[in-house]
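For reference, the chains in residue letters:
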Amino acid sequence: MTQPLILRGTEVAESLNQQTRQRVKLLKEKGITPCLATILVGNDPASETYVRMKGKACEKNGLRSIRIHLPEETTTEELIEKIEQCNQDDQIHGILLQHPAPDHIDERRAFDAIAIEKDVDGVTSLGFGQLSMGFGKFPSCTPAGIIGILDYYQLPIEGKHAVVIGRSPILGKPVAQLLLNRNATVTICHSCTKDVRKHVREADLVVAAVGIPRFVQGDWIKEGAIVIDAGYNKGNIGDVDYEACLARASAITPVPGGPGPVTISYLLKHTVDAAEQKA
C-alpha cells in the first residue's frame, strides 16, 4: 500500500484564511469591518484560552473582535439579555457563545437566543434545522472544517459509506448531515451502538468525534479508508489510535493539526459571510 496522505488542517486553514483576508480587505474598502462578538461566562481556563485564540485569529486576519466576559454567577436571563444586545448591534456580524457555559445556565435557551443571521458558530436549533433541509448558511464550524479538509484534498464524498462516531449537537449530528447532503451514505454510532467496530470496518470514511482517547483501533479501519480524527483529549491525543490507523488508511488527519485549525478559519469565514450578507 502506498504511503497515506496526511490531511494537514493547518495547510487548509491558511488557504482559507488567505481568501478571508482578501474578502475583509474588499469590505473595509466599503467602510465595513467584519466583527465577531465572543461571550464567555465564568472563568474556565480552557474556555478562556479558546476565546483568546479566536480573538487573535480575528486580529491576524483583519476582523474586529469584541470580547464579552460575564461573571460565573450570571443567570440565563442575564446572558440572554446580553445576547439580545449583540443581536441589535449593527456593528456586530457574528456571535459566539463559548461552550460549555456553567451548569446553572440553560445553554440551549442561550444558544437559541442568537439571531440566525449572526449564528456564525452554527449552534441554534433553527440553524441545524435549515442545515438538515439543505439550505443552512452557517453549519457548525468543526463539521464545516471537516468537509473543507475533504474538499481541499479533493477526496470524494458522494457515494461513500461514512461512519460518524458521536452524536453531539455541534459535531456528530451536523457533520453527519453535511455528509448526507453531499450524497454519502451515513451511519452514526454512539454510546448505545452495538459492536461499533463492525460498523467502522465497513466505512470508506470514518469521522471520530466521541471524546475518548484512542478509541478507534487500527484493526477497525478498512484498508484504504479515510480517517478524520475530530477528537481532542488531554496530552494532544485524539479519538483515533493514530499510528495503528496510519498503517491502514489512505488518508488521515494528525493530532494536533487536523480539524482544529480549520474550525477557527470557518468561524472567521462565516463572520465575513454574515458581514457581506448584511452589506
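Quick notes on the rules
Residue numbers here run from 1 along each chain, matching the order of that chain's written sequence. Given that the model is predicted, a residue must reach a pLDDT of at least 70 before its local features are reported, and side-chain atom pairs must reach 80 or more before they are shown or counted; all residues, however, enter totals for whole chains, interfaces and linings. Derived side-chain values reflect all non-hydrogen atoms in the structure, with water molecules and hydrogen atoms excluded from consideration. Secondary structure is summarised from DSSP: a helix means a run of H or I of at least four residues, a strand means a run of E of at least two, and numbering begins at the N terminus for each. Strands pair, by our definition, only if DSSP identifies at least two bridges between them. We call two residues contacting when some pair of their heavy atoms lies within 4.5 Å. Helix axes are fitted only over the stretch in contact, all axes being lines through C-alpha atoms; the angle between N-to-C directions runs from 0 to 180 degrees. Put simply, a patch holds well-exposed residues, over 30% relative accessible area, that have no salt bridge, with like charges counted together within 9 Å and Val, Leu, Ile, Met, Phe, Trp or Tyr side chains within 5 Å. Every accessible area reported is derived by Shrake-Rupley at a probe size of 1.4 Å, with residue values counting cover from the shown protein chains alone. We define a salt bridge as a side-chain nitrogen of Lys or Arg found within 4 Å of a carboxyl oxygen belonging to Asp or Glu. Neither His nor the chain ends is counted toward charge; the positive residues are Lys and Arg and the negative residues Asp and Glu. A charged residue contributes its charge at one atom only: NZ of Lys, CZ of Arg, CG of Asp or CD of Glu. Relative accessible area decides the class of each residue, using a 1.4 Å probe on protein chains only: under 20% of the type maximum gives buried, over 50% gives exposed, and in between gives partly exposed. Note on handedness: a clockwise path from strand one over the helix to strand two, with the strands aimed away from the viewer, defines a right-handed crossover. By the definition adopted for this analysis, an angle is roughly parallel if under 35 degrees, roughly antiparallel if over 145, roughly perpendicular if from 65 to 115, and oblique otherwise. When residues are sorted by character, Ala, Val, Leu, Ile, Met, Phe, Trp, Tyr, Cys and Pro go into the nonpolar class, Asp, Glu, Lys and Arg into the charged class, and all the rest, Gly among them, into the polar class.

A. Geometry of the environment of Ala101. Mapped onto the secondary structure, Ala101 falls in the loop between strand 4 (94–97) and helix 4 (107–112). C-alpha of Ala101 to C-alpha of Asn43: the two residues are 58 residues apart in sequence and 9.9 Å apart in space.

B. View of the sheet that holds strand 5 (residues 161–165). Spatially, six strands are ordered 1-9-8-7-5-6 in an open sheet, and the strand pairing comes out parallel. Strands at the two margins of the open sheet, each flanked by one partner only, are strand 1 (5–6) and strand 6 (185–189). Two elements, strand 5 and strand 7 (residues 205–208), share four bridges in a ladder whose sense is parallel. Counted as the bridge partner of Val163 is Val206 from strand 7. The sheet contacts of helix 7 (residues 172–181) involve strand 5, strand 6 and strand 7, and relative to strand 5 the element is tilted by about 170 degrees.

C. Broad picture of the sheet that holds strand 2 (residues 35–41). Across the sheet, three strands lie side by side as 3-2-4; this open sheet has parallel pairing. Looking at the sheet topology across the chains shown, the edges are occupied by strand 3 (64–70) and strand 4. Strand-to-strand twist in this sheet, taken as the mean axis angle between neighbours without regard to direction, amounts to 15 degrees. Across four bridges, the pairing between strand 2 and strand 4 is parallel. If you follow Ile39 over to strand 4, its bridge partner there is Leu97. Along the sheet face, helix 2 (residues 45–60) touches strand 2, strand 3 and strand 4 and points at about 160 degrees away from the line of strand 3.

D. Looking closely at a negative patch on the surface. Together, Asp44, Glu72, Glu73, Glu78, Glu81 and Asp103 make up a region of like negative charge exposed at the surface. Positionally, Glu81 belongs in helix 3 (residues 76–88). Overall, Glu81 belongs to the partly exposed group, its relative accessible area being 49%.

E. Summary view of the pairing of strand 2. Most of strand 2 is tucked away: seven of the seven residues are buried. Residues Cys35, Ala37, Ile39 and Val41 line one face of strand 2 and the alternating positions Leu36, Thr38 and Leu40 line the opposite face, and both faces are buried. The pairing of strand 2 with strand 3 spans seven bridges and is classified as parallel. Paired with Leu40 across the strands is His69, a residue of strand 3. Between the parallel pair strand 2 and strand 3, the chain is carried across by helix 2, and the sense of this crossover is right-handed.

F. Main features of the pattern of salt bridges. Scanning the entire structure with this criterion turns up 10 salt bridges. One salt bridge connects Arg23 with Glu276, and the closest N-O pair in it is separated by 2.7 Å. In this pair, Arg23 is assigned in helix 1 (residues 9–29) and Glu276 in helix 10 (residues 259–278), connecting sequence segments 253 residues apart. Among the ionic contacts, a cluster of salt bridges with common partners joins Arg23, Lys269, Asp273 and Glu276.

G. Focus on the packing of helix 1 against helix 6 (residues 141–152). Their axes nearest at 10 Å, the elements helix 1 and helix 6 cross at an angle of 95 degrees. Judged on the interaxial angle alone, helix 6 and helix 1 are roughly perpendicular. Side by side, helix 1 and helix 6 meet where Glu11, Val12 and Ser15 of the first sit next to Gly148, Ile149 and Tyr152 of the second. Across the contact of helix 1 with helix 6, the residue classes break down as three nonpolar, two polar and one charged.

These results come straight from atomic positions and should not be treated as a statement about function.
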